[in-house]
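Observations on the three-dimensional arrangement
Here's the letter readout for the chains.
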Amino acid sequence: SVTHMARVFVYGTLKRGQPNHGVLRDRANGCAAFRGRGRTLEPYPLVIAGEHNIPWLLNLPGQGQRVLGEIYAVDERMLSFLDEFEGCPNMYQRTPLRITVLEWEGARGASEETPAADGTLQCFVYSTVTYAPEWVHLPHHDDYDSQGGHGLRYNPREN
């Protein structure tokens, strides 16, 4: 049976090569299939904040930069896992956003939606409206890398 797949756009520690990417690969959490790369249609402030140096997408469309990330097709089990992993809805909220697709390798013949004629696709994104007001003034990033020149290496909660 074809289970319904949702599309999730990840911009932070869940991307390939980043500290939490393993949770998307772990079949115990459900299924996540890489579909391509994209960037937010509108600019958003992507900041690195808090004691754990977590990347946060502040839900302030029109501010910040158009943020780069990766698009995954996930099953319902992975989506519920990610909701819990992202502390949804208290830390992050999962909202549908338009993503401009830069590279697409969607499954051939899949019943999944493909990018629209204008090159965009609606994806769930974990952003937040529940942040400290001063975070707006932190540096805005467009392509998160835990090892980046900002020097704010991600510090997982376990540490």
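Quick caveat, the model's predicted, so the values are computed rather than measured.

1. A few points about the overall build of the protein
Within the protein, the regular secondary structure consists of two helices and seven strands. For the protein, the sequential pattern of α-helices and β-strands runs β-α-β-β-β-β-α-β-β. The C-alpha radius of gyration of the protein comes to 15 Å, within 12% of the 15 Å expected for a compact globule of 159 residues. For the C-alpha atoms alone, the extent of the protein along its principal axes is close to 45 × 35 × 25 Å. For the protein, the residues scored as buried account for 48% of the 159 residues in total. Considering only residue pairs separated by 6 or more positions, the protein has 77% of its internal contacts joining residues 24 or more positions apart. Summed over its atoms, the accessible surface of the protein is roughly 8100 Å², and 49% of this surface lies on carbon and sulfur atoms. Each charge class in the protein was averaged separately, 15 positive and 19 negative side chains, and the resulting centres sit 5 Å apart.

2. A look at helix H2 (residues 76-85)
In an α-helix there are 3.6 residues to a turn, and that puts residues three or four apart on one side. Looking only at H2, the buried set comprises Met78, Leu79, Leu82, Asp83 and Phe85. Buried residues of H2 fall within an arc of 165° about the axis and therefore sit on the same side. Among the exposed residues of H2, those pointing more than 90 degrees away from its buried face are Glu76, Arg77 and Glu84. The inward-facing, buried residues of H2 abut strand S1 (6-10), helix H1 (22-25), strand S2 (32-40), strand S5 (68-74), strand S6 (93-104) and strand S7 (120-127). Where H2 ends, the next residue or the one after it, Gly87, has phi of about 60°, a positive value.

3. Side note on empty space enclosed by the protein
Taken as a whole and judged by the stated rule, the model has one cavity of 30 Å³ or more. The space that makes up the largest cavity amounts to roughly 170 Å³. Within the lining of the largest cavity, the residues separate by chemical class into eleven nonpolar, three polar and two charged.

About the criteria used
- In this convention, every chain numbers its residues from 1, walking through the sequence in written order.
- Where totals are concerned, whole chains, interfaces and linings use all residues; where local detail is concerned, this predicted model gives features only for residues with pLDDT of at least 70, and gives and counts side-chain atom pairs only at 80 or more.
- Only heavy atoms go into the side-chain values, all of them from the structure, while hydrogens and water stay out.
- Note on conventions: DSSP H or I runs of at least 4 residues are helices, E runs of at least 2 residues are strands, and numbering of each starts at the N terminus.
- The atom set for the radius of gyration is the C-alpha atoms, and the globule formula is 2.2 Å times the number of residues raised to the power 0.38.
- A simple rule labels every residue: compare its accessible area, found with a 1.4 Å probe on the protein chains alone, to the largest value its type can have, and call it buried under 20%, exposed over 50%, or partly exposed in between.
- By definition, residues are in contact when any of their heavy atoms lie within 4.5 Å.
- Each accessible area is a Shrake-Rupley result for a 1.4 Å probe, and residues are judged covered by the shown protein chains and nothing else.
- We score Asp and Glu as negative and Lys and Arg as positive, and we do not count His or the chain ends.
- For charged residues, the charge sits on one atom: NZ in Lys, CZ in Arg, CG in Asp, CD in Glu.
- Taking the helix axis as origin, the arc is that swept by the directions to the C-beta atoms.
- Both site types are read off a 1 Å grid over the protein atoms alone. A 1.4 Å probe that fits but cannot get out defines a cavity, while an open set with protein on both sides within 12 Å along at least five of seven lines defines a pocket; lining residues have an atom within 4 Å of a point.
- Grid points are joined across faces, edges and corners, and a volume is the space filled by probe spheres set on the points.
- Following the grouping adopted for this structure description, the nonpolar residues are Ala, Val, Leu, Ile, Met, Phe, Trp, Tyr, Cys and Pro, the charged ones are Asp, Glu, Lys and Arg, and the polar ones are all others, Gly among them.

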